[in-house]
Amino acid sequence: MAVVVVQDPSAETPPLVREVLASAGLATRTVRLPDGEEAPADLSGVDGLIILGSPCSAPPDGALPAATPDPALVRDALAAEVPVLALGDGTRLLAECAGAAANSGAARPSLRTQRAADPLELPAVADGPTSCDGHPEQAFRIGASAWGVRFLPQEGTEAGESPSGPALGPLEEELLGRFAALVAARAEHTATRAFFTRRADAWEERFAYQTPVYEAAVARMRLTPGGLAVDLGCGTGRVMPALRTQVGPAGQVLGCDITPAMLTAAARHGRTRHGHLLAADCTRLPLPRASVHGIFSAGLLDHLADPYAALREWARVTAPNGVLLLFHPSGRAERAARHGRPLNPDDLLAENNLCPALETTGWHLDEYEDASGHFLARAVPRG
């Protein structure tokens, strides 16, 4: 796990930053502004960003320069919800990048969200980017993964007065510690979002040819009209129309994914005509107990850090007459051969492993097919 520190060309990363990150098991990489020549090509292996400097410094009169660079790394991190913390002059760059993203014209799905306590425990955090011009707010939050803190008052410093000197004090150290813990805790989800965010725009077109096999798989769920059907790890939501056909106009369809860019692509392809989109962790679903009548999940379970926790959570939200369908458009042997490896006997999706995994998490396997052209496992809640 690594955190990229973005800073001015002449500055050195404060030792405190490296020490706090190392104590959380995080390595430190440096990107120097304004050219960003040391920036990673993409977010692979990047679990968080700390911005300590800005490529633009306010003129003496406080006016903002006409143009401020918009480094792709920061912009991509905001899109993928990679945790970002900007301190001091770094807030200028974060606000500029956030403003550019907000004005890009990209369609975003309309989602209902519940306001949660700020994970960095900042006492006065306003949602949304603040203006660079004069930094009227000392702290702001962008979504659930980016924070800007102009400065934290140190002992002997009046509110609204910037502490002297470049050194980071005890309050910054505490804030950095909370941020490092957040980065470490979110690392798995961050990697997933980073991987799929850069692929989201082309995902639908790349895999459009698979739509008929997905529709055939959904038909195997045999859902009753009027129920709630959920596609977990929905991506661009390509099975949502088939789920809508199964539950009918009186039913509900929910596409759930942890990558906002995928949900944006789903909305762009008209999936909201068939149901709602939800950004959520599939192991902690914001759904009532026994409220779901069908769960469709393609290529998700065996990629989770704790698949047993996921299966238990899916059993919790599923009604007694519900169904779970695990699917992949290629069989296990086909996938193994594609990656140049033999079948793994410990593969969770092998029948002798999947059956007990389902039984111990509240499910009963009633159909299993590992064919050359697809993988399918249908399970129902245990009585």
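Residues numbered from 1 in each chain as written. Predicted model: local features only at pLDDT ≥ 70, side-chain atom pairs only at ≥ 80, totals over all residues. Heavy atoms only, no water.

Overview of the packing of aromatic side chains
One pair of aromatic rings is described through two measures. These are the centre distance and the angle between the planes. One pass over the full model with this rule turns up seven aromatic pairs. A ring pair is formed by Phe196 and Trp203, whose centres lie 5.5 Å apart and whose planes are at 70°; its orientation type is edge-to-face. Judged by its relative accessible area of 25%, Phe196 falls in the partly exposed class. Sitting over the face of the ring of Tyr214, Arg238 holds its NZ or CZ atom 4.3 Å from the ring centroid. (Phe/Tyr/Trp six-rings, centres within 6.5 Å; stacked < 30°, edge-to-face > 60°. Buried < 20%, exposed > 50% of the residue type's maximum accessible area, 1.4 Å probe, protein only. Lys NZ or Arg CZ within 6 Å of the ring centre and 35° of its normal.)

Examining the environment of Gln210
Tracing the backbone shows Gln210 in the loop between helix H6 (200–206) and helix H7 (211–219). Distance from Gln210 to Arg238, taken between C-alpha atoms, is 9.5 Å for residues 28 residues apart in sequence. Not counting residues within four places of it along the chain, the set of residues in contact with Gln210 comprises Arg238 and Pro329. (Helix = DSSP H or I, 4+ residues; strand = E, 2+ residues; numbered from the N terminus. Contact = heavy atoms within 4.5 Å.)

Some remarks on unusual backbone geometry
Phi is positive for Glu81, which is not a glycine, with a value near 55°. Unusually for a residue other than glycine, Ala290 sits at a positive phi of about 55°. For Ala290, the position within the fold is in the loop between strand S10 (276–279) and strand S11 (292–298).

Some thoughts on helix H12 (residues 351–359)
For an α-helix, 3.6 residues make a turn, and residues three or four places apart therefore share a direction. Along H12, the residues classified as buried are Leu354, Ala357 and Leu358. Along H12, the residues classed as buried sweep out an arc of 95° about the axis, all on the same side. Check the buried side of H12 and you find it contacts helix H10 (307–317), strand S12 (318–328), strand S13 (363–370) and strand S14 (375–381). (Arc of directions from axis to C-beta.)

With respect to the packing of H7 against helix H8 (residues 240–247)
With their axes 9 Å apart at the nearest point, H7 and H8 run at an angle of 30° to one another. By the angle class used here, H7 and H8 are roughly parallel. Of the two possible hands of crossing, H7 and H8 adopt the one that is right-handed. Only Ala242, Leu243 and Gln246 of H8 make contact with H7, whose side of the interface consists of Glu215, Val218 and Ala219. When the residues that make up the contact of H7 with H8 are grouped by side-chain class, the tally is four nonpolar, one polar and one charged. (Axes fitted to C-alpha atoms, helices over the stretch in contact; angles between N-to-C directions. Parallel < 35°, antiparallel > 145°, perpendicular 65-115°, else oblique. Left-handed = near helix turned anticlockwise from the far one by under 90°. Nonpolar A, V, L, I, M, F, W, Y, C, P; charged D, E, K, R; others polar.)

Structural notes on the pairing of strand S9 (residues 252–257)
Counting buried residues along S9, five of its six residues qualify, which places the element largely inside the surrounding structure. Across five bridges, strand S8 (residues 228–232) lies against S9 in parallel orientation. Within S9, the residue paired with Ala229 across the bridge is Val253. Handedness of the crossover is the feature at issue here: the chain leaves S8, passes through H8, returns alongside S9, and the resulting connection is right-handed. Note: S9 against S10, four bridges, orientation parallel. (Pairing = 2+ DSSP bridges. Right-handed = clockwise from strand over helix to strand, strands pointing away.)

Quick word on the environment of Leu301
Structurally, Leu301 can be placed in the loop between S11 and H10. Taking relative accessible area as the criterion, Leu301 reaches 2% and is therefore assigned buried. The spacing of Leu301 and Leu349 is 48 residues in sequence and 8.5 Å in space, taken between C-alpha atoms. Residues within four places of Leu301 in sequence aside, it is in contact with Pro307, Ala310, Leu311, Trp314, Leu326, Leu348, Leu349 and Leu354.

Thoughts on the side chain of Thr318
Along the chain, Thr318 falls in strand S12. For Thr318, a relative accessible area of 5% translates into the label buried. Excluding its chain neighbours within four sequence positions, the residues that come into contact with Thr318 are Ala290, Val292, Ile295, Val323, Trp363 and Pro381.

A closer look at the nonpolar core
Counting residues in each nonpolar core, the largest one holds 32 residues, and the members touching the most others are Leu232, Leu301, Trp314 and Leu324. Those elements giving two or more residues to this core turn out to be S8, S9, S11, H10, S12, H12, S13 and S14. Considering each element in turn, this core owes the most residues, four residues, to H10. Beyond its immediate sequence surroundings of up to four residues, Leu324 is in contact with Ile295, Leu311, Trp314, Leu358, Trp363, Ala377, Arg378 and Ala379. (Core = buried A, V, L, I, M, F, W, Y, C linked by side-chain atoms within 4.5 Å.)

Here we look at helix H1 (residues 15–23)
Three or more residues of H1 are buried, namely Leu16, Val17, Val20 and Leu21. In an axial view of H1, the angular spread of the buried residues amounts to 125°, which keeps them on one side of the axis. Exposed and facing more than 90 degrees away from the buried side of H1 are Pro15, Glu19, Ala22 and Ser23. Looking at the buried residues of H1, the elements they touch are strand S1 (2–7), strand S2 (27–32), strand S3 (48–51) and helix H4 (170–185).

Focus on the sheet that holds S14
One open sheet accounts for seven strands, arranged S10-S9-S8-S11-S12-S14-S13; its pairing is mixed. Unpaired on one side and paired on the other, S10 and S13 mark the two borders of the sheet. The average angle at which neighbouring strand axes cross in this sheet is 20°, direction not considered. Pairing geometry for S12 and S14, over five bridges, is antiparallel. The residue bridging Phe327 from the neighbouring strand is Leu376, located in S14. Set on the sheet, H7 makes contact with S11, S12 and S14; between it and S12 the angle comes to about 155°.

A few points about the packing of H1 against H4
At a closest axis distance of 9 Å, the pairing of H1 and H4 adopts a crossing angle of 35°. For the crossing formed where H1 meets H4, the hand is right-handed. Judged by residue contacts, Leu16, Val17, Val20 and Leu21 of H1 engage Glu173, Leu176, Gly177 and Ala180 from H4. Across the contact of H1 with H4, the residue classes tally to six nonpolar, one polar and one charged.

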